[in-house]
Amino acid sequence: MGRERQALTAADIDTLDWDKGGGLIPAIAQDADTLQVLMLAWVSRESLGESFRTGQAVFHSRSRQSLWRKGETSGNTLTLKAIHADCDKDTLLMLVSPAGPACHLGTTSCFGDDDAPGLGRLARLAQTVKSRKTASPDESYTASLLAEGPIRAAQKLGEEGVETALAGAAEDLPHLHEEAADLLYHLVVLLESRDTSLNAVLKVLEDRARQGT
């Protein structure tokens with residue numbers, strides 16, 4: 001069983017390989033929830049120290065030769081969740097929580113127009129459902145379900161489970177896809193109604209995989 005690589009702390013700054021990049025190290029910013037790669041930038045010892053001190057992503061601007069506090073003017077900050085170094089200690093992975101688009105062009109990521117593609121869509125769905133807690137039940141179906149509580153959410157999940165099973169027994173794949181989407185949506189609503197999340201479910205799957213079950 002592999003060992004999980006520990007997140008860096010400010011005390012680890014001098015253990016990184018700063019010489020290879022002439023005093024700079026490339027840093028990949030990744031959404032901690034959706035795992036979408038947001039951007040690539042560079043950090044110096046000073047900017048990395050500021051990142052740890054402030055809890056916000058601070059980079060080194062090679063064009064201006066100065067610190068670049070992401071979102072300082074736009075408000076589209078990147079709140080740090082964890083920083084990891086690669087095996088050679090010459091590249092960083094910053095797990096962040098973005099406030100707004102990461103790209104100056106207004107897109108979520110600097111690597112394309114898609115918002116949370118693939119399985120990251122589930123994490124974005126969970127964020128949307130969570131945001132509906134404060135919406136009016138008269139204006140949002142999600143808000144109305146959350147307002148009715150876990151029992152109602154569980155009932156709807158059960159109904160969608162039956163409908164998905166029936167669709168799966170038939171040959172109409174588009175119908176199965178539609179019902180499966182409804183099932184996933186109502187599962188997320190039920191979890192949110194119990195103040196928990198998909199991440200807690202994924203942690204169970206992760207533990208089972210490590211145990212070989």
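See above for the structure.
Residues numbered from 1 in each chain as written. Predicted model: local features only at pLDDT ≥ 70, side-chain atom pairs only at ≥ 80, totals over all residues. Heavy atoms only, no water.

## Considerations on the overall build of the chain
Consideration 1: Of the regular secondary structure elements, the chain holds six helices and six strands.
Consideration 2: The secondary structure elements of the chain, listed N-terminal to C-terminal, are β-β-α-β-β-β-β-α-α-α-α-α.
Consideration 3: Viewed in the frame of its principal axes, the chain has a C-alpha envelope of about 60 × 45 × 30 Å.
Consideration 4: Across the 213 residues in the chain, those meeting the buried criterion constitute 34%.
Consideration 5: Pairs at least 24 residues apart make up 50% of the contacts formed inside the chain by residues separated by at least 6 positions.
Consideration 6: When the accessible area of the chain is evaluated, it comes to approximately 12,900 Å², of which 54% is carbon and sulfur surface.
Consideration 7: On the chain, the mean spot of the 22 positive side-chain charges and the mean spot of the 31 negative ones are 7 Å from each other. (Helix = DSSP H or I, 4+ residues; strand = E, 2+ residues; numbered from the N terminus. Buried < 20%, exposed > 50% of the residue type's maximum accessible area, 1.4 Å probe, protein only. Contact = heavy atoms within 4.5 Å. Areas by Shrake-Rupley, 256 points an atom, 1.4 Å probe, with all protein chains shown as cover. Lys, Arg positive; Asp, Glu negative; His and termini not counted. Charge placed at Lys NZ, Arg CZ, Asp CG, Glu CD.)

## Details of the packing of helix 3 (residues 141-148) against helix 5 (residues 173-193)
Consideration 1: Where helix 3 contacts helix 5, the two axes come as close as 9 Å, and the packing angle between them is 45°. Taken together, helix 3 and helix 5 sit at an angle that is classed as oblique. The two elements helix 3 and helix 5 cross, and the hand of that crossing is right-handed. In this structure, helix 3 uses Tyr141, Thr142, Leu145 and Leu146 to contact helix 5, whose residues at the interface are Tyr185, His186, Val189, Glu192 and Ser193.
Consideration 2: Its residues assigned to classes, the contact of helix 3 with helix 5 comprises five nonpolar, three polar and one charged. (Axes fitted to C-alpha atoms, helices over the stretch in contact; angles between N-to-C directions. Parallel < 35°, antiparallel > 145°, perpendicular 65-115°, else oblique. Left-handed = near helix turned anticlockwise from the far one by under 90°. Nonpolar A, V, L, I, M, F, W, Y, C, P; charged D, E, K, R; others polar.)

## Quick look at the pairing of strand 5 (residues 78-85)
For a regular strand, side-chain orientation follows a simple rule: the groups alternate between the two sheet faces.
Consideration 1: Counting buried positions along strand 5 gives six out of eight residues, so the element sits mostly inside the fold.
Consideration 2: Across seven bridges, strand 5 lies against strand 6 (residues 92-98) in antiparallel orientation. Across the sheet, Ile83 pairs through a bridge with Met94, a residue of strand 6. (Pairing = 2+ DSSP bridges.)

## Some words on the sheet that holds strand 1 (residues 25-31)
Consideration 1: Overall, mixed pairing links the four strands, which are arranged 2-1-6-5 in an open sheet. Among the strands making up the open sheet, the edge pair consists of strand 2 (37-43) and strand 5. Recorded for the sheet is a direction-independent mean angle of 25° between the axes of neighbouring strands.
Consideration 2: Both strand 1 and strand 2 contribute to a ladder of six bridges, which runs antiparallel. What sits directly across from Ala29, in strand 2, is Met39.
Consideration 3: Sheet strands in contact with helix 1 (residues 45-54) are strand 2, strand 5 and strand 6, and its direction is about 120° off that of strand 5.

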